[in-house]
Amino acid sequence: MLILASNSPRRKELLSMLGYEFCVKASDCDENTTITNPAELVKELSLRKAKAVEINKEDTIIGSDTVVAINDKILGKPTDKKDAIDMLKMLSGKTHTVYTGITILNNITEITECISCDVTFKNMTDEEIKMYVDSGEPMDKAGAYGIQGKGSAFVEKINGDYFAVVGFPCCYVNTVLNKLGIFPMK
């Protein structure tokens, strides 16, 4: 059985969109770490999330983690509205990088990779930022925005895998699963 170690509605939607049958077993792992390199951080956390879920011999599990980084500062999910506003002001008018770590493992194979994408935001006014934060959308997203939602209004351009920004690089996941002999059902 294919298992997604995430409660993220976006990850569930994307894996379903690819046509895979799977179940969700969200992991409850310790995400505290001293790692400061964003690519290494998401790889470590995706691996922890995958390994924190108990699986059977025939299961394959997917773990994932996403962060935003700008000027060597890692931005996770905002802790409150002020934190979200501060993050968005930091991103306004600049290019940042989104890092998504993906781990796919079973009883034979363990693959962990980081897929990154550069995202450039337009200059946002304080009013735009406040209205966006008040919408509630940024509160559960790395970097305080969702590119697949209202946050898309601030994105001038991206360079890389759009789905890595969403938090689930579909092409990469599909390629690895196919190499492991796991194919979509639909």
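Preceding this paragraph is the structure being described.
These numbers were taken from a predicted model, which means no experiment stands behind them.

(A) Just the nonpolar core, in detail. Counting residues in each nonpolar core, the largest one holds 36 residues, and the members touching the most others are I62, L88, F121, Y145, F168 and L177. Formed by eight residues, the second largest nonpolar core is a distinct cluster that contains V42, V67, A69 and C114.

(B) Geometry of the pattern of salt bridges. Throughout the structure, instances matching the rule amount to 11 salt bridges. Among the salt bridges present, the one from E110 reaches K51, with a minimum N-O distance of 3.3 Å. Highlighted residues: E110 in strand β6 (residues 110-121) and K51 in helix α2 (residues 38-51), separated in sequence by 59 residues. Here D86 makes a salt bridge to K82, at a shortest N to O gap of 2.7 Å. Of this pair, D86 and K82 both sit in helix α3 (residues 81-91), four residues apart, which is roughly one turn of that helix.

(C) Here's a closer look at the pairing of strand β5 (residues 95-105). Along β5, 10 of the 11 residues are buried, which leaves the element largely enclosed by surrounding structure. Judged from the nine bridges that link them, strand β3 (residues 60-70) and β5 form a sheet pairing that is antiparallel. The residue bridging V68 from the neighbouring strand is V98, located in β5. Relative to β6, β5 is paired through 11 bridges, and the arrangement is antiparallel. Within β6, the residue paired with T97 across the bridge is D118.

Definitions and cut-offs
- What you see as residue numbers is a count from 1 along each chain, following the sequence as written.
- Per-residue local features of the predicted model are confined to residues with pLDDT of at least 70, and side-chain atom pairs are confined, for both listing and counting, to 80 or more; whole-chain, interface and lining totals are unaffected and use all residues.
- Side-chain numbers here rest on the full set of heavy atoms in the structure, without hydrogens or water.
- Remark: nonpolar core denotes a set of buried residues (Ala, Val, Leu, Ile, Met, Phe, Trp, Tyr, Cys) joined through side-chain atoms within 4.5 Å.
- Only protein chains enter the accessibility calculation, which uses a 1.4 Å probe; a residue whose area is less than 20% of its type maximum is buried, one above 50% is exposed, and one in between is partly exposed.
- Every case where a carboxyl oxygen of Asp or Glu lies within 4 Å of a side-chain nitrogen of Lys or Arg is listed as a salt bridge.
- Helix and strand definitions here come from DSSP, where helices need a minimum of 4 consecutive H or I residues and strands a minimum of 2 consecutive E residues; each element is numbered from the N-terminal end.
- The pairing criterion is simple: DSSP has to find at least two bridges between the two strands.

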